[in-house]
Amino acid sequence: MKFFRGFREQSIPGKGIRKYMVYAIGEIFLVVIGILLAVTINNWNETRKEEARLQTYLKDYRNDLIIDTTAIGQNLKLLDLKKDAFKLALSDTFNSEHLDTTPMIYALILTYSPLKLQNKGYNELKNYATNNDAETDTLVQRIVAEHAAYSDLIETMIARVGKDIDDNMSYFKNNEQWIGDLVKNNITEDVRTYFISDDFINRAAIHYTLVYNNIYTVLKSYRDDYATKTLQSINARFKNATANSQETAITEEEATTTKNP
């Protein structure tokens, strides 16, 4: 600044236009440098805000994954319990005595557990990817693509299972007088006769295919492959971010110590 102030004092009219121009250019240079610094700092602050926002979205999605995998785990346990009953009902040796030893058979084609994936964290990440240049963030891109695919598939298959059960219940309500007794857990002889009939076996075979050849496989894939790997990736991202923050804090502390020994 003293350098340019000296030029200003020496560059009054009559003392040389060239020196005045040098001073003016120097002033402009300082202004440009100040603007560039301000823009750089602003961009840096915005980048930090975006990174913090993305961290929040990833935490929300991680919480959603934990909720989903817990619900799916409970659903799969129930399906595992029902699977043995299905196999028994569909075996060549199935008879009325099995109805007494395995009462779950009565519920095989009339009950299911609805399931829908959480969407809060996914919607946040989807909007983030849409509104920001997230092409280089492979984790976000993978989540947005794979979650949508799994969500649509699970929703479609659950709907098919639910429709099959609704169709069964509707058929029984309109054609079988014993349905009221079954609902009240009153197992009459008519109930027992139907549940060893060919019609029941056919309906059980169809429902088994819908459940175990479709939704069961997809749920296990979502939990054991996609959710597990994604949780690991998100946790690794958080771990790296924490390590980087600690390194930055140490560097800033060392700089302060160097300036103020």
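Treat the numbers as computed from the prediction; the structure is a model and nothing was measured.

Novice: Can you walk me through the overall build of the protein in this structure?
Specialist: Across its full length, the protein carries eight helices and zero strands. For the protein, the proportion of its 261 residues judged to be buried stands at 34%. Contacts in the protein between residues at least 24 apart in sequence constitute 77% of all its contacts with a sequence separation of at least 6. Summing over all exposed atoms, the protein offers an accessible surface of approximately 16,600 Å²; the carbon and sulfur share of this is 54%.

Novice: How do you make sense of the side chain of Glu176 when you look at a structure like this?
Specialist: Among the secondary structure elements, Glu176 is positioned in the loop between α5 (138-175) and α6 (179-183). No salt bridge is formed by the buried Glu176, whose closest oppositely charged neighbour, Arg203, lies at an N-O distance of 7.6 Å. Reaching out from Glu176, the side chain makes a polar contact with the side chain of Trp178 at a distance of 2.9 Å. If we ignore the near neighbours within four places in the chain, the residues touching Glu176 are Tyr171 and Tyr194.

Novice: How do you make sense of the nonpolar core when you look at a structure like this?
Specialist: Grouped together as the largest cluster of nonpolar side chains are 57 residues, with contacts concentrated most on Tyr61, Ile105, Leu125, Phe195, Phe200 and Tyr222. Listing elements by their share of this core, those giving two or more residues are α2 (17-89), α4 (120-131), α5, α6, α7 (189-194) and α8 (198-259). Examining the composition of this core, we find that 15 residues originate from one element, α8, more than from any other. Among residues more than four places away in sequence, those in contact with Ile105 are Ala85, Leu88, Phe94, His98, Leu99, Phe195 and Phe200.

Novice: When you look at the side chain of Arg192 in this model, what are you seeing that I'm missing?
Specialist: When you line up the elements, Arg192 lands in helix α7. Owing to a relative accessible area of 16%, Arg192 belongs among the buried residues under this scheme. Here the side chain of Arg192 touches Asp100 through a polar contact of 2.7 Å, side chain to side chain. Beyond its immediate stretch of four places on either side in the chain, Arg192 contacts Ser96, Leu99, Asp100, Tyr106 and Ile187.

Novice: Help me understand unusual backbone geometry in this model?
Specialist: Although it is not a glycine, Asn185 adopts a positive phi angle of roughly 60°. Mapped onto the fold, Asn185 is located in the loop between α6 and α7. Residue Asn185 is classed as exposed on the basis of its relative accessible area of 63%.

Novice: Before we go on, may I ask you to explain α4 in this structure?
Specialist: Because each turn of an α-helix spans 3.6 residues, side chains separated by three or four positions end up pointing in the same direction. Between its terminal C-alpha atoms α4 stretches 17 Å, which fits the 16 Å expected from twelve residues at 1.5 Å a residue. Taken as a whole, α4 has its buried residues at Gly121, Tyr122, Glu124, Leu125, Tyr128 and Ala129. Projected onto a plane normal to the axis of α4, the buried residues spread over an arc of 160° and lie on a single side. Among the exposed residues of α4, those pointing more than 90 degrees away from its buried face are Lys120, Thr130 and Asn131.

Novice: Looking at this structure, I do not really get the packing of aromatic side chains. What am I missing?
Specialist: In this description, a pair of aromatic rings is defined by centroid distance and the angle of the planes. One pass over the full model with this rule turns up 17 aromatic pairs. Ring geometry for Tyr171 and Phe172: centres 5.7 Å apart, planes at 65°, overall edge-to-face. Centroid distance Tyr194 to Phe195: 5.4 Å. Interplanar angle 85°. Geometry classified as edge-to-face. By relative accessible area, which is 6% here, Tyr194 ends up buried. An aromatic cluster is defined as three or more aromatic residues linked by ring pairs; in this entry it consists of Tyr106, Tyr171, Phe172, Trp178, Tyr194, Phe195 and Phe200. The positively charged end of Lys59 is found above the aromatic ring belonging to Phe238, 5.9 Å away from the centroid. Above the plane of the ring of Tyr171 lies Arg203, whose end atom (NZ or CZ) is 4.2 Å from the centre.

The rules we used
- Residues numbered from 1 in each chain as written.
- Predicted model: local features only at pLDDT ≥ 70, side-chain atom pairs only at ≥ 80, totals over all residues.
- Heavy atoms only, no water.
- Helix = DSSP H or I, 4+ residues; strand = E, 2+ residues; numbered from the N terminus.
- Buried < 20%, exposed > 50% of the residue type's maximum accessible area, 1.4 Å probe, protein only.
- Contact = heavy atoms within 4.5 Å.
- Areas by Shrake-Rupley, 256 points an atom, 1.4 Å probe, with all protein chains shown as cover.
- Lys, Arg positive; Asp, Glu negative; His and termini not counted.
- Salt bridge = Lys/Arg side-chain N within 4 Å of Asp/Glu carboxyl O.
- Polar contact = N/O pair within 3.5 Å; in protein donor to acceptor, adjacent residues only side chain to side chain.
- Core = buried A, V, L, I, M, F, W, Y, C linked by side-chain atoms within 4.5 Å.
- Expected span 1.5 Å × (residues − 1).
- Arc of directions from axis to C-beta.
- Phe/Tyr/Trp six-rings, centres within 6.5 Å; stacked < 30°, edge-to-face > 60°.
- Lys NZ or Arg CZ within 6 Å of the ring centre and 35° of its normal.

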